[in-house]
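Here are the chains, one letter per residue:
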Amino acid sequence: AAGVIQSPRHLIKEKRETATLKCYPIPRHDTVYWYQQGPGQDPQFLISFYEKMQSDKGSIPDRFSAQQFSDYHSELNMSSLELGDSALYFCASSPRDILTFSGNTIYFGEGSWLTVV
Amino acid sequence: AQTVTQSQPEMSVQEAETVTLSCTYDTSESDYYLFWYKQPPSRQMILVIRQEAYKQQNATENRFSVNFQKAAKSFSLKISDSQLGDAAMYFCAYRSPGNTGNQFYFGTGTSLTVIP
């Protein structure tokens, strides 16, 4: 079965540079979520999109922005990178039907490792 | 906001034995969903098992089962016949009904070691 695809898997950037992470949700999933997981921490919710509109916002820094495109893929843009942004960034998706159990389950991609040096 | 608590930062189990990971949560909602995710050294988040709050029957997936106590707001994970591949960080998660991401809350995780 198709899974959530994230790219790139690994990224090294210098401080103050910009990085873009991409996420391709499971087919027919219209909701995308972004999470950040620092070393030894649980995943922290950043932002989510439903039907290409931002649906909720968590602890996303102002330096970060994201959007969901017409094909439902999403991009997380991170500017003015800081050392503390080094983390594993997860994208997750969930399907259309929020009335079903499946619709309330989110499925994670393998994550994108960002290292800021 | 809902909170999810995993009081065991680390657990260990002998191979082939059974281990139970604890999870409690705080909510005022009557309808919600609970999940256990596994994160092996590869760091991929893998869904292990899930439970709908309105169902009294405990969910089971092969060697994994839960003990869901709604009144106590407890959702423990039991791993039977533990295998080396079960070694991972396990996250308990809570979700309100709906379709917005901020309604998905994780606990801080339990690191499970499987001893050969």
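Before going into details, it helps to say that this report is about the structure given with it.

What counts and how
- Residues numbered from 1 in each chain as written.
- Chains lettered and ligands numbered in written order.
- Predicted model: local features only at pLDDT ≥ 70, side-chain atom pairs only at ≥ 80, totals over all residues.
- Heavy atoms only, no water.
- Helix = DSSP H or I, 4+ residues; strand = E, 2+ residues; numbered from the N terminus.
- Buried < 20%, exposed > 50% of the residue type's maximum accessible area, 1.4 Å probe, protein only.
- Lys, Arg positive; Asp, Glu negative; His and termini not counted.
- Salt bridge = Lys/Arg side-chain N within 4 Å of Asp/Glu carboxyl O.
- Contact = heavy atoms within 4.5 Å.
- Buried area = accessible area lost by both parts, 1.4 Å probe.
- Polar contact = N/O pair within 3.5 Å; in protein donor to acceptor, adjacent residues only side chain to side chain.
- Nonpolar A, V, L, I, M, F, W, Y, C, P; charged D, E, K, R; others polar.
- Disulfide = S-S within 2.5 Å.
- Phe/Tyr/Trp six-rings, centres within 6.5 Å; stacked < 30°, edge-to-face > 60°.

## Details of the side chain of Asp42(A)
Looking at where Asp42(A) falls in the secondary structure, it is placed in the loop between strand E4 (29–37) and strand E5 (44–50). For the buried Asp42(A), which has no salt bridge, the nearest side chain bearing the opposite charge is Arg43(B), at an N-O separation of 10 Å. Leave out the neighbours within four places in its chain, and Asp42(A) touches Gln36(A), Gln37(A), Phe91(B), Phe106(B), Gly107(B) and Thr108(B).

## A word on the interface of chain A and chain B
Contact with chain A, which involves 31 residues of that partner, is made by 24 residues of chain B. Of the roughly 2300 Å² buried where chain A meets chain B, counting both sides, 54% is carbon and sulfur surface. Inspection of the chain A/chain B interface yields 0 salt bridges. Between chain A and chain B we count 6 residue pairs in polar contact (both at pLDDT 80 or more) in total. Among the elements that make up the side of chain A that touches chain B, the one with the highest residue count is E4(A) (5 residues). A per-class count over the side of chain A that touches chain B returns 13 nonpolar, 13 polar and 5 charged.

## Some points on the state of the cysteines
Applying the stated criterion to the full structure yields 2 disulfides over all chains. The side chain of Cys23(A) participates in a disulfide bridge whose partner is Cys91(A); the two sulfur atoms lie 1.7 Å from each other. The disulfide joining Cys23(A) to Cys91(A) has a torsion of about -60 degrees about its S-S bond and is therefore left-handed. In this pair, Cys23(A) is assigned in strand E3 (residues 19–24) and Cys91(A) in strand E9 (residues 87–95), connecting sequence segments 68 residues apart. There is a disulfide in this structure between Cys23(B) and Cys92(B), and the S-S distance comes to 2.0 Å. What sets the handedness of the Cys23(B) and Cys92(B) disulfide is the S-S torsion sign, and at about -70 degrees it is left-handed. Of the two residues, Cys23(B) sits in the loop between strand E3 (19–21) and strand E4 (24–26) while Cys92(B) sits in strand E10 (residues 88–95), which places them 69 residues apart along the sequence.

## Structural notes on the packing of aromatic side chains
All names here are of chain B. A full pass over the atoms with the stated rule returns 16 aromatic pairs over all chains. Ring centres 5.9 Å apart and planes at 40 degrees place the aromatic pair Tyr-25 and Tyr-94 in the tilted group. Of this pair, Tyr-25 sits in strand E4 while Tyr-94 sits in strand E10, placing them 69 residues apart in sequence. Side by side, Tyr-25 and Tyr-94 carry an identical accessibility label, which is buried. Centroid distance Tyr-37 to Phe-106: 6.1 Å. Interplanar angle 55 degrees. Geometry classified as tilted. Taken together, the residues Tyr-37 in strand E5 (residues 33–39) and Phe-106 in strand E11 (residues 104–106) connect sequence positions 69 residues apart.

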